[in-house]
Amino acid sequence: MAGELTTIARPYAEAVFSAAQESGQVDAWTEPLGVLAAIATDPQMAAQIGNPELARNQVQNMILSVAGDSLPKPLVSLVRLLAENGRLVALPEIVTLYEERRVASAGVREVLVRSAFPVDTAQEQALAQSLARRFGAQVKLTVELDPDLIGGVEIRAGDLVIDDSVRGKLKQLAHALQF
């Protein structure tokens with residue numbers, strides 16, 4: 001479902017980002033988009049978004065009333081369009097993709113590195129330099145310890161996943177043996 005939601009959200013996120021760029025509001029829309037994502041992920045609101053007994057415009061009106069009058073008109077239009085198309089569930093993912101695009105447009109790639117063992121500062125700097133060369137952009141690393149990997153690392157940068165962990169290799173081997 002997560003991959004499907006990303007597929008649904010991507011064109012909306014790209015359209016919102018393009019509109020923000022055209023109006024010179026890329027950074028200014030970050031906060032109102034965050035508010036929309038927070039509203040949509042609130043458990044009570046999420047239940048209403050998924051409630052088939054409520055009309056789409058009722059859910060749309062609830063979201064817009066909670067967001068208040070500070071919402072830029074194009075984002076009000078986004079909420080209306082999502083409601084009309086039955087895609088309000090994708091709103092948090094749209095915001096995530098927008099933020100990734102905003103950071104990338106600033107020349108920075110956010111990269112999550114999960115390692116089976118602690119990574120020292122020198123290793124982290126070397127990895128950041130290597131990834132910066134690969135992506136042709138500045139890299140902001142977030143390093144997490146994950147002993148379930150058994151050994152090695154898993155690197156995630158947007159849609160790109162580099163799995164060089166023992167767990168990943170064992171999954172590949174198990175998959176290959178099934179055929």
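For the structure, check the block above.
Residues numbered from 1 in each chain as written. Predicted model: local features only at pLDDT ≥ 70, side-chain atom pairs only at ≥ 80, totals over all residues. Heavy atoms only, no water.

Participant: Explain the overall build of the protein here, please?
Facilitator: Counting its secondary structure elements, the protein contains eight helices and four strands. Along the chain direction, N to C, the helices and strands of the protein fall in the order α-α-α-α-α-α-β-α-β-β-β-α. When the backbone C-alpha atoms are referred to their principal axes, the protein occupies close to 50 × 40 × 25 Å. Within the protein, the fraction of its 179 residues that count as buried is 34%. Taking the contacts inside the protein whose residues are at least 6 apart along the sequence as the reference set, 67% of them involve residues at least 24 apart. Accessible area for the protein stands at about 10,800 Å²; split by element, carbon and sulfur atoms hold 53% of it. (Helix = DSSP H or I, 4+ residues; strand = E, 2+ residues; numbered from the N terminus. Buried < 20%, exposed > 50% of the residue type's maximum accessible area, 1.4 Å probe, protein only. Contact = heavy atoms within 4.5 Å. Areas by Shrake-Rupley, 256 points an atom, 1.4 Å probe, with all protein chains shown as cover.)

Participant: Explain a nonpolar patch on the surface to me, please; I cannot follow it from the model alone.
Facilitator: On the surface, Ile150, Val166, Leu170, Leu173 and Leu177 cluster together into a nonpolar patch covering about 480 Å² of accessible area. If you trace the backbone, Ile150 turns up in the loop between strand S2 (138–145) and strand S3 (152–157). (Patch = residues over 30% accessible without salt bridge, like charges linked within 9 Å, V, L, I, M, F, W, Y side chains within 5 Å. Salt bridge = Lys/Arg side-chain N within 4 Å of Asp/Glu carboxyl O.)

Participant: Just checking my understanding: could you explain the pattern of salt bridges for this structure?
Facilitator: When charged atoms on two side chains of opposite charge get close, those side chains can pair. The final tally for this structure, using the stated rule, is seven salt bridges. Close ionic contact of Arg102 with Asp27 constitutes a salt bridge, the shortest N to O distance being 3.2 Å. Of this pair, Arg102 sits in helix H6 (residues 91–105) while Asp27 sits in the loop between helix H1 (2–23) and helix H2 (30–41), placing them 75 residues apart in sequence. Ionic pairing is found between Asp146 and Arg114, a salt bridge with its closest N-O pair at 2.0 Å. With Asp146 in the loop between S2 and S3 and Arg114 in strand S1 (residues 108–115), the pair connects residues that are 32 residues apart, well separated along the chain. Accessibility classification places Asp146 together with Arg114 in one group, the buried group. Taken together, the shared-partner salt bridges in this structure form one network comprising Arg114, Asp146, Glu154 and Arg156.

Participant: I tried to follow the environment of Leu145 on my own but got confused; where do I start?
Facilitator: By secondary structure assignment, the location of Leu145 is in strand S2. Taking the C-alpha atoms as reference points, Leu145 and Ala19, 126 residues apart in sequence, are found 38 Å from one another. Other than its neighbours up to four places away in sequence, Leu145 contacts Ser115, Ala116, Phe117 and Pro118.

Participant: Would you mind showing me how to read the environment of Thr96 here?
Facilitator: Along the polypeptide, Thr96 turns up in helix H6. Taking the C-alpha atoms as reference points, Thr96 and Glu14, 82 residues apart in sequence, are found 11 Å from one another.

Participant: Whenever I open this one, the packing of aromatic side chains confuses me. Can you help?
Facilitator: When we look at a pair of aromatic rings, we describe it by the centre distance and by the angle of the planes. Scanning the model with the defined rule gives one aromatic pair in all. Note that Arg109 overlies the ring of Phe135, its terminal NZ or CZ placed 4.2 Å from the centroid. (Phe/Tyr/Trp six-rings, centres within 6.5 Å; stacked < 30°, edge-to-face > 60°. Lys NZ or Arg CZ within 6 Å of the ring centre and 35° of its normal.)

Participant: What exactly am I supposed to notice about the pairing of S1 here?
Facilitator: Judged from the eight bridges that link them, S1 and S2 form a sheet pairing that is parallel. Directly across from Val108, in S2, lies its bridge partner Gln138. Taken together, S1, helix H7 (residues 121–135) and S2 form a β-α-β motif whose crossover is right-handed. Judged from the four bridges that link them, S1 and S3 form a sheet pairing that is antiparallel. Residue pairing for S3: Arg114 is matched across the bridge by Glu154. (Pairing = 2+ DSSP bridges. Right-handed = clockwise from strand over helix to strand, strands pointing away.)

Participant: What is the right way to read the nonpolar core from this model?
Facilitator: In globular proteins that are soluble, nonpolar side chains generally tend to be buried together. Leu33, Leu36, Ile63, Leu75, Leu78, Leu88 and Tyr98 are the most contacted members of the largest nonpolar core, which totals 34 residues. Of all elements in the fold, only H1, H2, helix H3 (43–49), helix H4 (56–67), helix H5 (73–84) and H6 reach the threshold of two or more residues within this core. It is H1 that provides the largest number of residues to this core, a total of seven residues. Apart from residues no more than four positions distant in its own chain, Leu88 is found in contact with Ile49, Val59, Gln60, Ile63, Val79, Leu82 and Ala83. Judged by nonpolar contacts, the second largest core, of nine residues, contains Val111, Val113, Phe135 and Val139. (Core = buried A, V, L, I, M, F, W, Y, C linked by side-chain atoms within 4.5 Å.)

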